Amino acid sequence: MIAKELRQKYLDFFKSKEHAIIPSSPLVPENDPTTLFINSGMHPLVPYLMGEKHPLGKRLTDAQKCIRTGDIDEVGDTTHHTFFEMLGNWSLGDYFKKEAISWSFEFLTSPEWLGLDKKRLACSVFEGDVDASFDEEAYNIWKNLGMPEKKIAKLPKKNNWWGPAGITGPCGGDTEMFYWVGDLDKVPESFNDDNDLWVEIWNDVFMEFNKNAEGKYEKLEKQNVDTGMGLERVLAALNGFSDNYRTELFWPIIQKIEELSGKKYDESPEIKKAMRIISDHIKASAFIIADGVSPSNTERGYILRRLIRRAIRQGHLLGIKNNFTIEIAKVVQKIYGEIYPEILGEKVFNILEEEENKFRKTLENGLKEFEKYLSNPEGNYINRKVGDELQQANLYPNDDTANMMFNLYQTYGFPIEMVFEELEKANIGIDNDKRTKIESKFNEKLKQHQELSRTASVGMFKGGLADNKEETTQLHTVAHLMLAGLRKILGNHVHQKGSNINGERLRFDFSHPDKMTEEQKKAVEDFVNGAIESKTEVVMEEMTPEEAKNAGAEGEFGHKYGDKVKVYSIEGYSKEICGGPHVENTGDIKGVFKIKKEESSSAGVRRIKAVVE
Ligand code: SER
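Everything in this summary refers to the structure shown in the same document. (Residues numbered from 1 in each chain as written. Predicted model: local features only at pLDDT ≥ 70, side-chain atom pairs only at ≥ 80, totals over all residues. Heavy atoms only, no water.)

### Topic: the site of the ligand
Filter applied, for reference: A single heavy atom is enough: if one lies within 4 Å of a molecule or strand, its residue is considered near that molecule or strand. Any pair of nitrogen or oxygen atoms within 3.5 Å is treated as a polar contact; in protein, a donor-acceptor pairing is required on top of that, and neighbouring residues in sequence qualify only through side-chain atoms on both sides. Using a 1.4 Å probe, the Shrake-Rupley method yields the accessible areas, and only the shown protein chains count as cover for residues. Helix and strand assignments come from DSSP, with helices taken as H or I runs of at least 4 residues and strands as E runs of at least 2, each series counted from the N terminus. Think of it as three bins: nonpolar holds Ala, Val, Leu, Ile, Met, Phe, Trp, Tyr, Cys and Pro, charged holds Asp, Glu, Lys and Arg, and polar takes everything else, Gly as well.
With respect to spatial proximity, the complete set of residues near the ligand consists of Ser40, Met42, Arg68, Met86, Trp162, Asn203, Val205, Asp226, Thr227 and Gly228. Arg68 places a side-chain nitrogen or oxygen 3.3 Å from an oxygen atom of the ligand. The backbone of Thr227 places a nitrogen or oxygen atom 3.1 Å from an oxygen atom of the ligand. The protein chains hide 96% of the 230 Å² of surface that the ligand would expose on its own. Ranked by the residues each element gives to the shell around the ligand, the list is headed by strand β9 (residues 217–230), at three residues. Residues of the shell around the ligand, tallied by class, amount to four nonpolar, four polar and two charged.

### Re the packing of helix α15 (residues 470–490) against helix α16 (residues 518–533)
When two helices pack together, their arrangement is captured by the angle between the axes and the distance separating the axes. Rule in force here: Here, axes are lines fitted to C-alpha atoms. For helices the fit covers the stretch in contact, and angles between N-to-C directions go from 0 to 180 degrees. Note on terminology: angles under 35 degrees are roughly parallel, angles over 145 are roughly antiparallel, angles of 65 to 115 are roughly perpendicular, and the others are oblique. Crossing handedness is read from the near helix: turned anticlockwise from the far helix by less than a right angle, it gives a left-handed crossing, and turned clockwise, a right-handed one. The contact definition used throughout considers only heavy atoms, calling two residues in contact when any of these lie within 4.5 Å.
Between α15 and α16, the least distance of the axes is 9 Å, while the angle of their chain directions is 135 degrees. Considering their axes alone, α15 and α16 lie oblique with respect to each other. The hand of the α15/α16 crossing is right-handed. For the pair formed by α15 and α16, the contact residues are Val478, Leu481, Met482, Ala484, Gly485, Leu486, Lys488, Ile489 and Leu490 on the first element and Gln520, Ala523, Val524, Phe527, Val528, Ala531 and Ile532 on the second. Tallied by class, the residues present in the contact of α15 with α16 amount to 13 nonpolar, two polar and one charged.

### Remarks on unusual backbone geometry
Worth spelling out the cut-off: Burial classes: relative accessible area under 20% of the type maximum marks a residue as buried, over 50% as exposed, and values in between as partly exposed (1.4 Å probe, protein chains only).
Omega for the bond connecting Gly163 with Pro164 falls within 30 degrees of zero, at -5 degrees, which places this linkage in the cis form. As for its position among the elements, Pro164 is in the loop between β6 (161–162) and β7 (169–180). The phi angle at Glu18 is positive, at roughly 65 degrees, despite the residue not being glycine. Its location among the elements puts Glu18 in the loop between α1 (3–16) and β1 (20–21). With a phi angle near 45 degrees, Lys535 is a residue other than glycine that sits in the positive phi range. By the element assignment, Lys535 lies in the loop between α16 and β14 (538–543). Of the residues examined, Lys535 reaches a relative accessible area of 58% and is grouped as exposed.

### Details of the sheet that holds β14
The cut-off we apply is this: The criterion for strand pairing is that DSSP finds at least two bridges linking the strands in question.
On the basis of which strands lie adjacent, the open sheet formed by three strands has the order β14-β15-β16 and antiparallel pairing. The sheet is open, and its two edges are formed by β14 and β16 (574–577), each paired on a single side. Each strand axis lies, on average, 20 degrees off the axis of its neighbour in the sheet, ignoring direction. Taken together, the six bridges between β14 and strand β15 (residues 565–570) define a ladder with antiparallel strand orientation. Bridged to Met540 within β15 is Tyr568. Where α15 meets the sheet, it contacts β14, β15 and β16, and its direction lies at approximately 115 degrees from that of β16.

So, in structure tokens, the structure goes:
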């Protein structure tokens, strides 16, 4: 089975169960400051899982692009990916456990759909703890479907609980399905979580709770179902591969890397790993760029930069001498262009090329810096004797050396293994014992640093869309008013380029070539404050994207919308396509709107930070 067929079958099956098919959201969350990227199928649906009405009804299904950055370091094995697609179906306060599980089972086993051998299936359910009790209902549903009891594992939260996608938001216990990828005559009688031949293929989450900012689980008003099936894994399992990179979603990329490097995937575990990292990272980078992110040193841009640079570094390890990321991206476009046309075009190439050149420059500078260490006769690090013979470097396995290595890594992106390689090139051998000691000191530093940056990024996860705070909702409406004001004052070339809202402030990016003058800022403030004072009703209507466009609603019309969208209108001020939530009346916005800062965000894009105080 090929990916296209699997996606289509999944969507068709749920359509036959009265689900509306919705398009994948972009990878950059719209209005959710709690995470950098969409990390699951349910993520863009959080407002609806929290009770917002969805214009297409209570049953939805889609294939969603996802980025998971949590396990970038695990990429290189057979199943972890930065970019992947998740097939999912949702019940927004409609059906619950019985239908969800029975449909999952039907889709997997019915000859009309995937027709998998029932003998190869097992599942797990939530065993219960202080937050929620044992999921006896799910257990019994599986039993009644004919699943042998030994193949229904009861597992704790660590395994059978999902969410929230950010720090706060909807979550709940789940039931997971596993597929035996070993020989059919060797299927064990019972399910064992430790056996890699049982591959997790699907997850049905029963979302009954909202985890709030205090870490408490509050019961949601409505019970929802959120399911997720990892496309790459299932495709591999269905085709009998234990390595996802053998599927058609990766193999052409691997072949391209073989061609560029003159090495073979199966040559050695190291080569395999390097090729996997390159294909994963450049694929993810292409999708991230396509959704509007450029490399930088913060947040999303930093993740992108790391992915590209790690891939390049692996390319160098494989002996690829010239710029190569564009060649890989071309293959990615071939694989995905039909389903996700946003990745087509030159933009992806240009950004990759530019970053590759920058990184090359950085490495050159780093090498020079390193040369200085090597050639310093009094240096603490190296005491190089004259002569041709292979010399033992006097590189002390102490904190100084680790600092030097860490500095090279931090400032120039110079990985430690590269430092050792350079030492070898300079004919300076390092014995293994010393090398291990230096590496472990370096890793200690790296860990400290990562912990620090993790703590810093958790800071930005506070608040967020999922907690639905009143202030956040007010600022959503303010964002609409402000966009309308900007368009009125600056012109119709202004469109929204991104936004990030929390309870305290609104950050808003928009297309405009010049710095705004004080008068323009004042005029926009007056426009928004006028709308607040006018106490105008905020009206929501549902219509097709075509109707919305004809009604003059602001929205990204290049962007894929579902068959129906919500349009929020503030008579006399604004009309915009949006998922919500919004206040009911502009008079509910408490305070005076103020632009705190207006600055450049990137070429042709300005950024405003604003508050209501
Ligand atoms: N949110 C769940 C997951 O990501 C199910 O969609 O596995």
